Each structure stands twice: as structure tokens, then as C-alpha cells.
Amino acid sequence: MRARSVIDVLLAVAVVGFLVYGLVSKGNSRLAVGEKAPSPELPKLTEPGQGSLKEYRGRWVLVNFWASWCVPCRDEAPALSKFEEEHGGQKFTVVGIDTQDISDDGAKFAKEFGLTYPLLHDGNGDNGHEFGTTGVPENYLLEPSGKLAWAVAGPVDARMLEEHVAPLLPPEKNKS
């Protein structure tokens, strides 16, 4: 019986060790400033076809990972929409990626908040993990070359956008 207890303890320690390793390695996989962002092909949320972040190379892009069931996502949606209205154009856009959501719920969310910027759908959230996301909302500002310039895990508000994103954008609005 004593040998069985030792084996049980060793198995428990091994399982805990693997869990800790998984959490630590997940934390290290977050996209770092200066790294090139992934740009997988994803279905468009509110129109037919596929889209990719590659389509926006040459522009600054604020990538917003969100879900319709996420309360902080609902709180930040008006600020993102207003920021896009004020700064969007040929040199900047917001791209929303609806994740871990049924596409009908995401489309209803977009309509409810009047989101007019490009929206993609990452149904099971696999593509967000390429960025190192651990939840929603998360925001990633990409340089025109596609490299990460700034990121925040959690919601943004108008003040954060004006203090951290607006100063990095080109001074001309140059609306399209």
C-alpha cells in the first residue's frame, strides 16, 4: 500500500507540473512589440467572403478581439466605433475579430453598436491564440508593416485610445 501512495503522489506532482508548464509556456507565446502579427484568412462577419489582416498592410490597424457575450466588450464598443469614425481612413482602421461566438450573435452585436469597420469571425478562437490572446477583449495596434506596436489585454476606453493609439497614428486623417 505504501508503494501505491508514493506512485499516486508522483503522478499528482507530474500532472501539476504539466499544468504549470502549459500555463507558463502559454504566457510566453503572447505576441511581442516588434513581432509580425499573424494574418489568417477568416470569414467576414457581416458580409460574404473571407478577409485577412494582410488586406490592411500599409495602414495602421487596431485589431480588437471581442465576443457578443462579453460585458467589457459591450462597454468598449462605442469608444472603438467613435475612434474609428474620428481617425479611420486610408492610413488607419479598426478591424474587429468576433471570437468564440455564434456568428448570428456577433452580427447582432455589430448591428446593435453600429460597427462600420471591417469585422471578421474566428468561431472557436484558434486564430486569436496566434496573437497569444487569453480572453476578450484584447486589442493590438499593428504598424503599416504588420508588426505589433502596442497591445492591451482587457477593454479600452476613449481616454486610452487617445493617449496610447492616437499619438502613434499619422497626423493627417486622409479619409477614404
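Since this is a predicted model, take the numbers as computed values, not measurements.

*Asks:* Help me out: how do you make sense of the environment of G51 in this one?
*Replies:* Residue placement: G51 occurs in strand β2 (residues 50–51). Spatially, the C-alpha atoms of G51 and E41 are 5.5 Å apart, while their sequence positions differ by 10 residues. Those residues in contact with G51 that sit more than four places away from it in its chain are P40, E41, L42, K44 and L120.

*Asks:* Is there a simple way to explain the state of the cysteines in this structure?
*Replies:* By definition, a disulfide links two cysteine residues through a covalent bond between their sulfur atoms. What the rule picks out here adds up to one disulfide. Residue pairing for C70: its cysteine sulfur links by disulfide to C73, the two sulfurs lying 2.4 Å apart. The chirality of the disulfide connecting C70 with C73 is right-handed, given an S-S dihedral of about 80 degrees. In terms of burial, C70 and C73 fall into one category: buried.

*Asks:* So what exactly am I meant to see when it comes to the environment of L45 here?
*Replies:* Relative to the helices and strands, L45 is located in the loop between β1 (42–43) and β2. Here L45 falls in the buried class, since its relative accessible area comes to 10%. For L45 and L119, which are 74 residues apart along the polypeptide, the C-alpha to C-alpha distance reads 5.4 Å.

Quick notes on the rules
Residues numbered from 1 in each chain as written. Predicted model: local features only at pLDDT ≥ 70, side-chain atom pairs only at ≥ 80, totals over all residues. Heavy atoms only, no water. Helix = DSSP H or I, 4+ residues; strand = E, 2+ residues; numbered from the N terminus. Contact = heavy atoms within 4.5 Å. Disulfide = S-S within 2.5 Å. Buried < 20%, exposed > 50% of the residue type's maximum accessible area, 1.4 Å probe, protein only.

Treat this as a map of the structure, not an account of what it does.
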